[in-house]
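Structure at a glance
For reference, the chains in residue letters:
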Amino acid sequence: MRTVIQRISPRVATFLRSPKMAAISMAALGQLLTISAMALIARHYSDEQLSEYGIFIFLLGLMQIISSLRLEQGIVYQRTQSETISLTSASLLALFPSLLLCGTVSYMYLMFNPQTHQRAGVLVALLIGSALFANIAKILTQIIARQERFYALACANAMRPALIALAQIILLGFVSGFCQLPLALLLSQFIFALLCYCILSIHGRPQLLDNMQRTIAAIKKNKAFVYFSLPQNMIFVLSDALLPLSLPFLFTGSEAVALFWLASKTVFAPATVFAESIRAMVYRTIARGPRQDIFKSVALTSLGMASVIAFPVIVLAVYGEYLFELVYGAGWGAANSYAVILGCLVIGNTAALPFVGALPILGLQNHLLLTECLGFVVRASVLYGVHWS
């Protein structure tokens, strides 16, 4: 037994000191802050306000995916500093026309939505601002990951939910009305982008823009992310957002959207913090590893990440209804039914993350796109082909 412990202990100690453990620890802190803020929000805001914020969040997720054309995903795979600068410039350049297009489509949806048509203009302005700063922050974190400053990356990603929670709590006492929560999100994304820039500037002012010729060349070189990764991610997020964005048209009232939003935030927000804290690190590790060991590395990473997510989902399945009412207040226990189903989805998504990171290295992005298209068709068929009451 002692021999086994002696063999395991150094590995455990190494893991506890590793950047991955730092990322997981910071993700856990982010989860705690997110849940704490949501507990205050659920008690302070009405169903209508939470429903509007839920719609805002799902639209923002779509805008974040589309606006950078997913070019920022290629930053961690670049081998030279000049290639990194050119691709960073391309990612920033793509933001402005894409956000204009996304804002126009979002405005049309918000105008037709019976719950948001009165504030469509204000919500679109907040959406564009939030998506702009969120994508700038995402580009900067990819640069930090490429520099392999994983501890700084873990701390930065933990700060995002902390900033959102802090902004929401502060605005409770100063701003009232339906757009309070979206405004808090915009302010927190701006501060987070500024924080990421400050982290990059520790070793000197970073160069983020390149001349137009090299920027266009970077887009052409990394066009696989636009042709395959962008549609795949867009369809994936649209599939997840299809239900909450359709609920206002399928059901009268805002309770269904509010319940779904609370369940999805409870499940997805902590999982997203965890995934974003470790995603770039995992992708970079896979990119620099030997090709012959890639499957083993990806499989072990996938199993470990899924195990981390599985435990809280099991707790939700057993005690979820009681916990929802304890944390969010009486009447919110019904959200647990959504949460358990979404939790199973999160386990699968988390397990797939390392495999997704390996696809660009193997040139197999098109296979993932076909899988997401099939999944979207199935979800849309169930949602619109079944009569729901």
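Keep in mind that this is a model prediction, so the values were computed, not measured.

Bringing the overall build of the protein into the picture now. When its secondary structure is counted, the protein shows 13 helices and zero strands. Each helix and strand of the protein, ordered N terminal to C terminal, gives the series α-α-α-α-α-α-α-α-α-α-α-α-α. Looking at the protein residue by residue over its 389 residues, the buried ones come to 51%. For the protein, restricting intrachain contacts to residue pairs at least 6 apart in sequence, the fraction spanning at least 24 positions comes to 83%. Accessible area of the protein: about 18700 Å², with a carbon and sulfur share of 69%.

A word on the nonpolar core. Counting residues in hydrophobic clusters, the biggest one holds 83 residues, and the most contacted among them are Leu-50, Phe-56, Leu-110, Leu-245, Leu-262, Tyr-328 and Trp-332. Broken down by element, this core gets its largest block of residues, 13 residues, from helix H5 (residues 120-146). In contact with Phe-56, other than residues within four places in its own chain, are Leu-123, Leu-126, Leu-127, Ser-130, Pro-182 and Leu-185.

Glancing now at the pattern of salt bridges. Throughout the structure, instances matching the rule amount to four salt bridges. Between Arg-119 and Glu-52 there is a salt bridge; the shortest N-O distance is 2.5 Å. Of this pair, Arg-119 sits in the loop between helix H4 (81-112) and H5 while Glu-52 is found in helix H3 (residues 47-67), placing the two residues 67 residues apart along the sequence. For Arg-119, a relative accessible area of 18% corresponds to the buried category.

What the rule picks out here adds up to zero disulfides. The structure places no disulfide on Cys-196, whose sulfur is separated from the nearest cysteine sulfur, that of Cys-198, by 9.2 Å.

This part takes up the packing of H4 against helix H8 (residues 212-221). H8 packs onto H4 with a crossing angle of 90 degrees between their chain directions and a minimal axis gap of 8 Å. The angle between H4 and H8 falls in the class roughly perpendicular. Here Glu-83, Ser-86, Leu-87, Ser-89, Ala-90 and Leu-93 of H4 lie close against H8, whose contacting residues are Met-212, Arg-214, Thr-215, Ala-218, Ile-219 and Lys-221. Residue composition of the contact of H4 with H8, by class: six nonpolar, three polar and three charged.

Attention now goes to the side chain of Ser-188. Position of Ser-188 relative to the elements: it lies in helix H7 (residues 180-200). Setting aside chain neighbours within four positions, we find Ser-188 in contact with Leu-163, Ile-164 and Ala-167.

Residues Tyr-107, Met-108, Met-111, Phe-112 and Phe-249 make up a contiguous nonpolar surface patch of roughly 560 Å² in combined accessible area. The element best represented in the nonpolar patch is H4, accounting for four residues. Its relative accessible area of 67% is what places Phe-112 among the exposed residues.

Applying the stated criterion across every chain yields a total of four aromatic pairs. Taking the centre distance of 5.1 Å and the plane angle of 70 degrees together, the rings of Phe-133 and Phe-190 count as edge-to-face. Here Phe-133 is found in helix H5, whereas its partner Phe-190 is found in helix H7, with 57 residues between them in sequence. Assessed through its relative accessible area of 40%, Phe-190 is described here as partly exposed. A centroid spacing of 5.5 Å and a plane angle of 50 degrees characterise the contact between Phe-324 and Tyr-328, whose relative ring orientation is tilted. You can see Phe-324 and its partner Tyr-328 sitting in helix H11 (residues 294-328), four residues apart, about one turn around the helix.

All right, on to the packing of H3 against H5 then. Following both chains from N to C, one finds H3 and H5 inclined at 45 degrees, their axes separated by 9 Å at the closest point. By the angle between their axes, H3 is oblique relative to H5. Relative to H5, H3 is oriented so that their crossing is right-handed. The residues of H5 that touch H3, namely those facing Glu-52, Phe-56, Leu-59, Leu-60, Met-63, Gln-64 and Ser-67, are Leu-123, Leu-126, Leu-127, Ile-128, Ser-130, Ala-131, Ala-134, Asn-135 and Lys-138. Across the contact of H3 with H5, the residue classes break down as ten nonpolar, four polar and two charged.

What follows covers the environment of Gln-73. By secondary structure assignment, the location of Gln-73 is in the loop between H3 and H4. By relative accessible area, which is 13% here, Gln-73 ends up buried. In this view, Gln-73 contacts Gln-142, Phe-225, Ser-229 and Asn-233; residues no more than four positions away in its chain are not counted.

Examined against the element boundaries, Thr-215 turns out to sit in helix H8. Overall, the relative accessible area of 2% leaves Thr-215 in the buried class. Excluding residues that lie within four positions of it along the chain, Thr-215 makes contacts with Ser-86, Ser-89, Ala-90, Leu-93 and Asp-210.

Confidence in the prediction for the protein averages 78 pLDDT; 77% of positions are at 70 or higher. A low-confidence stretch, residues 4-8 (pLDDT under 50), is modelled with one contact involving residues beyond four sequence positions or located in other chains.

About the thresholds
Residues numbered from 1 in each chain as written. Predicted model: local features only at pLDDT ≥ 70, side-chain atom pairs only at ≥ 80, totals over all residues. Heavy atoms only, no water. Helix = DSSP H or I, 4+ residues; strand = E, 2+ residues; numbered from the N terminus. Buried < 20%, exposed > 50% of the residue type's maximum accessible area, 1.4 Å probe, protein only. Contact = heavy atoms within 4.5 Å. Areas by Shrake-Rupley, 256 points an atom, 1.4 Å probe, with all protein chains shown as cover. Core = buried A, V, L, I, M, F, W, Y, C linked by side-chain atoms within 4.5 Å. Salt bridge = Lys/Arg side-chain N within 4 Å of Asp/Glu carboxyl O. Disulfide = S-S within 2.5 Å. Axes fitted to C-alpha atoms, helices over the stretch in contact; angles between N-to-C directions. Parallel < 35°, antiparallel > 145°, perpendicular 65-115°, else oblique. Nonpolar A, V, L, I, M, F, W, Y, C, P; charged D, E, K, R; others polar. Patch = residues over 30% accessible without salt bridge, like charges linked within 9 Å, V, L, I, M, F, W, Y side chains within 5 Å. Phe/Tyr/Trp six-rings, centres within 6.5 Å; stacked < 30°, edge-to-face > 60°. Left-handed = near helix turned anticlockwise from the far one by under 90°. pLDDT = per-residue confidence, 0-100.

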